[in-house]
Amino acid sequence: MKIRLGSGFKIRPPFHTDNTPIHHVDLEEGVLGKANKNGTILVSDKITDPEERQSVIDHEKVHIDQIKRGDLDYDDDFVYWKGKKYSRDDMQEGAENLPWEAEAYSKTDPFEKY
Ligand SMILES: [Zn+2]
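All of these numbers come straight from a predicted model, not from anything done at the bench.

When you look at the pattern of salt bridges in this model, what are you seeing that I'm missing?
Summed over the entire model, instances satisfying the criterion amount to eight salt bridges. Note that K46 is salt-bridged to D26, the shortest N-O span being 2.9 Å. You can see K46 sitting in the loop between β4 (41-44) and α1 (50-68) and its partner D26 sitting in the loop between β2 (22-25) and β3 (33-35), a full 20 residues away along the chain. Given the relative accessible area of 46%, K46 is considered partly exposed. A network of salt bridges, in which partner residues are shared, links D65, R69, D71, E103 and K107.

Even after reading the chapter, I still don't get the environment of T20, so can you show me in this structure?
With respect to the secondary-structure elements, T20 resides in the loop between β1 (2-3) and β2. In this structure T20 comes out as buried when scored by relative accessible area, which is 18%. Separated by 44 residues in sequence, T20 and I64 have C-alpha atoms that sit 8.9 Å apart. Residues within four places of T20 in sequence aside, it is in contact with G39, I41 and K61.

Calculation criteria
Residues numbered from 1 in each chain as written. Predicted model: local features only at pLDDT ≥ 70, side-chain atom pairs only at ≥ 80, totals over all residues. Heavy atoms only, no water. Salt bridge = Lys/Arg side-chain N within 4 Å of Asp/Glu carboxyl O. Helix = DSSP H or I, 4+ residues; strand = E, 2+ residues; numbered from the N terminus. Buried < 20%, exposed > 50% of the residue type's maximum accessible area, 1.4 Å probe, protein only. Contact = heavy atoms within 4.5 Å.

Structure, rendered in structure tokens:
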């Protein structure tokens, strides 16, 4: 996906301090970010644009929130969303029509996909 230039990094007041650990790692081709159930976020080390990196982090943070509040869960074969089970074999991961993705995209900056 291509990220529209946005507002960039913001300094947050201390009461909004966010301790989500972010790791920059070598992710599989086409994967820009991942939200882990342990509350950490993985970001592809292939991303060089800081605006794009921040956008990926913002997106994955929505998934972390979904996991924490109990709406989203997953294992190797399935994604669970509000009690429904979605086979990972049948889905295009990251597709905007998936309910957890629709929320993540609606809460983050607009972007273009390619
Ligand atoms: Zn997503």
